Amino acid sequence: MNYITTRGDQTERHFCEILLEGLAPDGGLYLPTHYPKIDDATLTRWRGLSYAQLAFEILSMFIDDIPPADLKALVERTYTKATYGTDTIVPVRKLEDGLFIEALSNGPTLAFKDMAMQLLGQLFEYELARRGEELNILGATSGDTGSAAEYAMRGKKGVRVFMLSPHGRMSPFQQAQMFSLPDANIHNITVEGVFDDCQDIVKAVSNDLEFKRRHKIGTVNSINWARLLAQVVYYFAGYFQVTCANDQKVSFAVPSGNFGNVCAGHVARMMGLPIEQLVVATNENDVLDEFFRTGTYRVRASAETWETSSPSMDISKASNFERFVFDLLGRDGARVSALFGAGLARDGGFTLTADEHARIARFGFVSGKSTHADRLATIRDTWQRHQDMIDTHTADGLKVGREHMRPGTPMVVLETALPAKFAATIEEALGRAPTRPAALEGIESLPKRFVVMPVDAQRVKDYIDEHCRA
Ligand SMILES: *Cc1c(COP(=O)(O)O)cnc(C)c1O
């Protein structure tokens, strides 16, 4: 399998060539040249597989430059009971008739980003050793992504992580999670500013091309193809748990931000997994809901991006969304380039033609939106009626998923985080603190490792310089 970009560059690249990359050189995102099709016999055979075996089968269709025995070993090291708490890895539980929750958040940081990031850690270590290279990952986080990256890269050879976060602004639980890691290759830098200041520093450092090259600076952001690919697996695993035959269809409701998660569902559907609807759930930041309803994609300014109680979905533009639009527009790279390149820069968005908008239905996409009040009501209702405690993002997915249920088709809501991460809103909804996995009791009292810095890119560069030589 080879990869091309969404902006018309037809140069074909292998998986490992794009593994460590973010944007393609033409500014587009990487996608496979085509989607491998799964036939009925294959689907039947896959039903009996363990999660690691299933992941190996699916990844093998997209990766042809890692020897199968090596890929198998990487996958088996990633998806273990020790890391995810169960043999099933992503157990599905029934809430009521036709309505299910698929647990994707039982990894080390209690959010679904572990599903992909843990594999990325293994792939990075493998590929860097093969090349005899090192990589310094520089990122900014306000919570989920940074901790998932640190837990995936901790102790990995050839990789260092420099993670910036706004000083004193993450929840005590999130700070404890990140700052208590003892691994020498993990560096927490808290910046005396807000999240945007952290992001500006990352940009400033990355724009110093000489520094970037010299120190092999890279990222692990959500446009990385390998992350998306890893997420395809749990759509198959969820499907197998709620069906017993391949003529049954299933719908998935997906709490969405940067469109990485639901885009993986789109890939699974293109491969032939019998998915009826892909339900895109947003919070008050409804860029995506607006697009699916109206055909207009309008990027929000930061003053129009709200801080909500499902903070990992607080986005002003959806960085993976271009991949879906590429498929929607018949893989017309020139048109995608016009829309996302010049169009976005000039107009801050674009509008599809009526004909193009009408095509969305063929891809199974529908959408909806959930507010803080909806979130509280959904968390409360789920607790009172089912004694099931869900987090704020999952609540958005459940609220919108319910609105799109159709008789005879199971609706599977993806659980993207555990309630323990969002204690304040859980207490607001239920008047009690969320339950926490036993392994994380008392982490707030562990010793913390971090350095504090002013909003100053040069100081961050000096720090990286010093710790790359160590
Ligand atoms: C990242 C994240 C999301 C959004 O996922 P995307 O792939 O960006 O759409 C939703 N919920 C939680 C808890 C997250 O961490």
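Heads up: the structure comes first, above all this text.
Residues numbered from 1 in each chain as written. Predicted model: local features only at pLDDT ≥ 70, side-chain atom pairs only at ≥ 80, totals over all residues. Heavy atoms only, no water.

Novice: How would you sum up the sheet that holds strand S5 (residues 135-140)? Please name residues and give values.
Specialist: As a general point, the strands of a sheet are linked pairwise by backbone hydrogen bonds and lie either parallel or antiparallel. Strand order in the open sheet formed by 5 strands is S8-S5-S6-S7-S15, with parallel pairing between adjacent strands. Only two strands of the sheet have a single partner each, and these edge strands are strand S8 (217-218) and strand S15 (451-453). Here S5 runs beside strand S6 (residues 159-166); their pairing, made up of 6 bridges, is parallel. Looking at the pairing, Leu 135 lines up with Val 159 of S6. (Pairing = 2+ DSSP bridges. Helix = DSSP H or I, 4+ residues; strand = E, 2+ residues; numbered from the N terminus.)

Novice: Provide a residue-level description of the site of the ligand, including the pertinent values.
Specialist: Around the ligand there are 15 residues in total, and Lys 113, Asp 144, Gly 257, Asn 258 and Asn 261 lie nearest to it. In this structure, an oxygen atom belonging to the ligand sits 2.8 Å away from a main-chain N or O atom of Gly 257. One nitrogen or oxygen atom from the side chain of Thr 416 is found 2.9 Å from a nitrogen atom belonging to the ligand. Here the ligand loses 96% of its free accessible area of 380 Å² to cover by the protein chains. (Near = heavy atom within 4 Å. Polar contact = N/O pair within 3.5 Å; in protein donor to acceptor, adjacent residues only side chain to side chain. Areas by Shrake-Rupley, 256 points an atom, 1.4 Å probe, with all protein chains shown as cover.)

Novice: Any chance you could break down the sheet that holds strand S10 (residues 275-282) for me, citing the residues and the numbers?
Specialist: Strand order in this open sheet of 6 strands is S3-S4-S14-S9-S10-S13, and the pairing throughout is mixed. Looking at the sheet topology across the chains shown, the edges are occupied by strand S3 (92-96) and strand S13 (365-369). In this sheet, neighbouring strand axes are inclined to one another by 25° on average, regardless of whether the strands run parallel or antiparallel. (Axes fitted to C-alpha atoms, helices over the stretch in contact; angles between N-to-C directions.)

Novice: Tell me what's going on with the nonpolar core, and back it up with residues and numbers.
Specialist: Counting residues in hydrophobic clusters, the biggest one holds 112 residues, and the most contacted among them are Tyr 79, Tyr 235, Phe 236, Phe 259 and Phe 321. No other element matches helix H11 (residues 225-242), which puts 14 residues into this core. Aside from chain neighbours lying at most four places away, what touches Tyr 79 is Tyr 51, Ala 52, Ala 55, Tyr 84, Ile 89, Met 115, Leu 119 and Ala 230. Membership of the second largest hydrophobic core comes to 18 residues, among which are Ile 101, Ala 281, Ile 390 and Leu 398. (Core = buried A, V, L, I, M, F, W, Y, C linked by side-chain atoms within 4.5 Å. Buried < 20%, exposed > 50% of the residue type's maximum accessible area, 1.4 Å probe, protein only. Contact = heavy atoms within 4.5 Å.)

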